[in-house]
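Results of the structural survey
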Amino acid sequence: MPDPATMPRGGLFTTGAEAEPVALTGVRVDAEIHRCYAKVVLAQRYVNTESNPIEAVYVFPLDEGAAICGFEAVIDDTLVVGEVLDREKAFEKYDDAMEAGHGAYLLDEERPDVFQASIGNLPPGKDVTVRLTYVTELGVESGHIRFVVPTTVSPRYAPVDDHRGVGRPDAETLNPPTALTVPYGLNFSARIAMPDGITAVESPSHPISVRMNGSEAVVSLGQRDAALDRDLVLEIEAPGLDAPHALVERDDDGTEAIGVSFAPVFPTVSAPAEILFLVDRSGSMGGTSIEEVRRALQLCLRSMIPGCRFNIVGFGSRYQSLFPESRLYDQGTLDEATKHVNNLDADLGGTEILEALQFVLETKRDAELPRQVIVLTDGQVTNTDAVLGLAAKHAATARIFTFGIGAGASHHLVAGLARAGKGTAEWIYPGERIEPKVLRQFARLLSPALTDVQVEWRSDAGANVDVKQSPLAIPPIFAGGRLLLYAFAGGERPSQARLTAIGPSGRVSFDVSVPAARSAGRTVSTLAARARIRELEESGEYLSARGSRQRGRREDRVKQEIIALSLKYGLMSRETSFVAVERRETPVEGDVKLRKVPVALPTGWGGKRRQAFAYAQRLYSLDAFDGPPIMAARSAVSSPVPERATRMREGMGTYEEASGVDLSWLMPRLSRRSRPSRTQALIVLQTAEGFWNLESELASIIGRDLDDLRSAIKDVAGAETLAARAWATALALVWLELNAHDTRDEWRMLADKARRWLDRAAILPPDGADWLDSASRFITR
């Protein structure tokens, strides 16, 4: 590895044999957030510093649920407003403008989370700012909303078929040039308004500055021009976010757009299921990602209940299955799975998720148990349509819950796979703990959801009102979940929306009042149209037809409905694009140079991670350590020699300064993960039935001598083995409450299983009281 002091700094030029200037000089994002909706304006500034005219092409990400409703360009104080056209017509208009020497600006959707801006015929010495506007809905979880600005397109794994095709294949289209650093950065601001006030605004991804004034807040970055190498994430806590509500907007033609948020509350009980873990073991999962997955799986294995079946399938360029098909959950299979999980590594190559998912969905299933699939991945793939189509095909027999891990996971793959599989998606960004989110998903899949969900729109008199609902097909609703639904009302307006569904105890209903007051703006109508477009784009008939020259009538009707909705509401889609043309009195002449804007690799992704750990290894002269660089680095950080920690901090600072690579994620993660976790060790000792055994490992964890533990129950008459198990289980539960209370959500399910076992144990402690009370007195004395 080269010495960091001699490494080139980030600069104006791309890397490679023929360095080229980077036309993009900066990206600015301005957001307005109200309740669970956001309006965002994203501006990109391009400058031509060359002597020839250029065409700049920039591939960038957006929120995969974004409804892009505006596109414009400003050059020499002239504003050029874009229009939405059928995709092919937009391309023709752009090409004609390019050929005529006029300014040409095109915004095209490659995937719902990947877009391409083309800036054509930018004259020498000129600059142009293009602005796109979108609205999006925000996820709500436990009184928080999360607002995300994706910033980089990670390299996407492309199967063989995606390297072929007429024109540019997906392998090329979805993989822009990358660099460790790029010479442009991100500027960000947001205005937040919540009707019932704001409790807190935080960011797990960036340092931010927050000014709060009651129900409003203004947020900006704590640094100027942040690197575009990680998603920008805001978490907003405010009262009333979980409460059901409705918003109404009136369009110029009298049509009313209605957005309704349902938040059903219903009792849940855990029930056995077939649980299939599909784990990404591709190379980019190396380091902390695969470590976190190992810990999360150990928690899940001990949170399962009697009657469950399970299997673990890892995938990369190939897939490996723990069992040929799912097995009954018992102590034998738990022991096998524990050993398997301990040995999991990111050693299976590329991200070939399609074949692995097919194996999981098509293996023999138990007709008596619902099939639940948990997918954990940091991956990006080019064949997302095929993956979503496969999930949708099996949605009636398998529900899919997904996790996007790290700074570069594909939002469309992770969220789209959950939608297609009628499950939910969670995100684990760098620095966030994976365990609580995995256990939250795990609780959902073990609890019956609301199914057969229907919504009736009613007038004041109680009669049904005819509306156009988006989406038409309503997914299941899980405990603690929320449903956002939209409708267009052209005639009589509804005053109430009633949700009915089948719950664990029968049919239930929930009502939300629709206010008469109408708001200004087009946020709701835009999101309503986008919800319907997304439903059409993710339908089986549309996905199966993409890329095929033989398109049936039904598929063509789907395409035409997408185009019609996009044109009516001025929206981007898979079938429409924005184009703007700047008519010039003096057209551009001469050869136009193509300049592809490189994107920054996500922090911690693949090469960055390996490069950083390799440097950590070199800092410590750890050639004698066995195993991959991460194990060597972890061993160094956990070393009691303080000079090593000091040397690492100083060395990493030198590395950052010389290379421009942000390594702030490295030290906290290594030091945090290197500390031995007694909680984790205690969890792994729990048996499949829910109890702990009275053994030396347990005694060591709780800090007592094993003989002392045994002597405490020496007077229990008979059933010595049962008493020892009850005593050990009570000690483990009390220790967790006293020493791991801050992570209680992570071990709550396995603790509930242990308490149920303890309640069934037909034996009392020596004092005849309660096992937990006795254990509490013993540990705290």
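Residues numbered from 1 in each chain as written. Predicted model: local features only at pLDDT ≥ 70, side-chain atom pairs only at ≥ 80, totals over all residues. Heavy atoms only, no water.

From N to C terminus, the protein chain includes 21 helices and 34 strands. Taken over 781 residues, the protein chain has a buried fraction of 56%. Restricting to contacts in the protein chain with at least 6 residues of sequence separation, those with at least 24 account for 74%. Element-wise, carbon and sulfur atoms account for 48% of the exposed surface of the protein chain, whose accessible area totals about 32500 Å². (Helix = DSSP H or I, 4+ residues; strand = E, 2+ residues; numbered from the N terminus. Buried < 20%, exposed > 50% of the residue type's maximum accessible area, 1.4 Å probe, protein only. Contact = heavy atoms within 4.5 Å. Areas by Shrake-Rupley, 256 points an atom, 1.4 Å probe, with all protein chains shown as cover.)

A contiguous patch of negative charge on the surface is contributed by E88, E92, D95, D96 and E99. Along the chain, D95 falls in helix α1 (residues 87–100). Overall, the relative accessible area of 45% leaves D95 in the partly exposed class. (Patch = residues over 30% accessible without salt bridge, like charges linked within 9 Å, V, L, I, M, F, W, Y side chains within 5 Å. Salt bridge = Lys/Arg side-chain N within 4 Å of Asp/Glu carboxyl O. Lys, Arg positive; Asp, Glu negative; His and termini not counted. Charge placed at Lys NZ, Arg CZ, Asp CG, Glu CD.)

Before going further, it helps to examine the sheet that holds strand β19 (residues 256–262). The sheet built from 4 strands is open, its strands ordered β18-β19-β29-β28 with antiparallel pairing. Both edges of this open sheet fall to β18 (245–250) and β28 (468–470), since each of them pairs with a single strand only. In this sheet, neighbouring strand axes are inclined to one another by 20° on average, regardless of whether the strands run parallel or antiparallel. (Pairing = 2+ DSSP bridges. Axes fitted to C-alpha atoms, helices over the stretch in contact; angles between N-to-C directions.)

In total, this model carries 7 cavities of 30 Å³ or more according to the counting rule given. Empty space within the second largest cavity amounts to approximately 80 Å³. What lines the second largest cavity is a set of 15 residues, among which P61, T152, Q380, A409 and H411 lie closest to the centre. Here the lining of the second largest cavity is built from residues that sort into 7 nonpolar, 5 polar and 3 charged. (1 Å grid on protein atoms, 1.4 Å probe; cavity = no way out; pocket = protein on both sides within 12 Å on 5 of 7 lines; lining within 4 Å. Points joined across faces, edges and corners; volume = space filled by probe spheres on them. Nonpolar A, V, L, I, M, F, W, Y, C, P; charged D, E, K, R; others polar.)

What follows covers the nonpolar core. Side chains of nonpolar character tend, in soluble globular proteins, to be buried together. Ranked by internal contacts, the top residues of the largest apolar core, which has 86 residues, are Y46, L107, F147 and F188. Here the element with the most residues in this core is helix α9 (residues 523–537); it accounts for 7 residues. Setting aside chain neighbours within four positions, we find Y46 in contact with A23, L24, A56, Y58, A117, I119, L122, K126, D127, V128, V130 and V597. Membership of the second largest hydrophobic core comes to 78 residues, among which are F401, I428, L694 and V734. (Core = buried A, V, L, I, M, F, W, Y, C linked by side-chain atoms within 4.5 Å.)

Geometrically, the link from S470 to P471 is a cis peptide bond, its omega value of -10° lying close to zero. Within the secondary structure layout, P471 lies in the loop between β28 and β29 (483–489). Its identity as a non-glycine residue notwithstanding, R35 has a phi of 55°, on the positive side. The exposure class assigned to R35 is partly exposed, which follows from its relative accessible area of 21%. At K422, a position not held by glycine, the phi torsion is positive, near 60°. In this fold, K422 is placed in the loop between α7 (411–420) and β26 (425–428). The exposure class of K422 is partly exposed, given its relative accessible area of 32%.

This next bit is on the packing of helix α5 (residues 353–362) against helix α6 (residues 384–393). One can describe the packing of α5 onto α6 by two numbers: an axis separation of 10 Å at closest approach and a directional angle of 5°. As judged from the angle between their axes, α5 and α6 are roughly parallel. Residue-level contacts link I353, L354, L357, Q358 and L361 of α5 to A386, V387, L390 and A391 of α6. Residues belonging to the contact of α5 with α6 are distributed by class as follows: 8 nonpolar, 1 polar and no charged. (Parallel < 35°, antiparallel > 145°, perpendicular 65-115°, else oblique.)

This next bit is on the packing of aromatic side chains. All chains considered together, the criterion is met by 14 aromatic pairs. Plain terms: the ring middles of W727 and F778 are 5.4 Å apart, the flat faces sit at 75° to each other, and that makes the pair edge-to-face. Residue W727 is found in helix α19 (residues 720–739), and its partner F778 is found in helix α21 (residues 771–780); the two are separated by 51 residues along the sequence. Relative accessible area serves as the criterion here: at 5%, F778 is assigned to the buried category. Pairwise contacts between aromatic rings join Y58, F60, F115 and Y184 into one cluster. One residue, R704, lies across the ring of F778, its end atom 4.9 Å from the ring centre. (Phe/Tyr/Trp six-rings, centres within 6.5 Å; stacked < 30°, edge-to-face > 60°. Lys NZ or Arg CZ within 6 Å of the ring centre and 35° of its normal.)

Our focus in this paragraph is the confidence of the model for the protein chain. Of all residues in the protein chain, 85% have pLDDT values of 70 or greater, and the mean over the chain is 84. The element-level mean pLDDT for the protein chain is lowest in helix α13 (residues 629–637), coming to 30, with strand β6 (residues 83–86) highest at 98. Overall, residues 665–676 carries pLDDT values under 50, and its contacts beyond four positions in sequence, including any with other chains, amount to 29 contacts. (pLDDT = per-residue confidence, 0-100.)

As a further point, take the packing of α19 against helix α20 (residues 744–760). In contact at an axis separation of 11 Å, α19 and α20 are set at 155° when each is read in the N-to-C sense. The angle between α19 and α20 places the two elements in the roughly antiparallel class. α20 is crossed by α19, and the crossing has left-handed handedness. Across from L722, R725, A726, T729, A730, L733, L736 and E737 in α19, the residues of α20 making contact are R744, W747, A751, A754, R755, W757 and L758. Class assignment of the residues belonging to the contact of α19 with α20 gives a composition of 10 nonpolar, 1 polar and 4 charged. (Left-handed = near helix turned anticlockwise from the far one by under 90°.)

Another point: the pairing of strand β32 (residues 576–582). Counting buried positions along β32 gives 7 out of 7 residues, so the element sits mostly inside the fold. Residue alternation in β32 divides its side chains into two sets, T576, F578, A580 and E582 and S577, V579 and V581, and both sets are buried. Sheet analysis places β6 next to β32, joined by 4 bridges and oriented antiparallel. Paired with E83 across the bridge in β32 is V579. Where strand β7 (residues 103–111) and β32 come together, 5 bridges link them in antiparallel fashion. The residue of β32 that forms the bridge with G103 is E582.

What follows concerns the environment of I119. Relative to the helices and strands, I119 resides in strand β8 (residues 114–122). On the basis of relative accessibility, which here comes to 0%, the residue I119 falls in the buried class. Residues I119 and A580, spaced 461 residues apart in sequence, show a C-alpha to C-alpha distance of 9.9 Å. If sequence neighbours within four positions are ignored, I119 has contacts with Y46, I54, E55, A56, Y94, A104, Y105, V128 and V130.

The strand order across the open sheet formed by 6 strands is β6-β32-β7-β8-β3-β33, and the pairing between neighbours is mixed. Bordering the open sheet on either side are β6 and β33 (593–596), each of which pairs with just one other strand. Adjacent strand axes in the sheet meet at a mean angle of 25° when their direction is disregarded. Helix-sheet contacts for α1 involve β3 (54–61), β6, β7, β8 and β32, and the interaxial angle to β7 is about 150°.

What follows covers α5. Taken together, the buried positions of α5 are occupied by I353, A356, L357, V360 and L361. The arc enclosing the buried residues of α5, seen along the axis, measures out at 130°, which places them on a common side. (Arc of directions from axis to C-beta.)

What follows covers the pattern of salt bridges. For the coordinates displayed, the defined rule picks out 37 salt bridges. Across the pair E235 and R146 runs a salt bridge, and its minimum N-O distance is 2.2 Å. Of this pair, E235 sits in strand β17 (residues 232–237) while R146 sits in strand β11 (residues 144–149), and the two are 89 residues apart along the sequence. Accessibility expressed as a relative area gives 22% for E235, which makes it partly exposed. Here R146 falls in the buried class, since its relative accessible area comes to 17%. Salt bridges sharing common partners tie together E737, R744, R748, D752 and R755.

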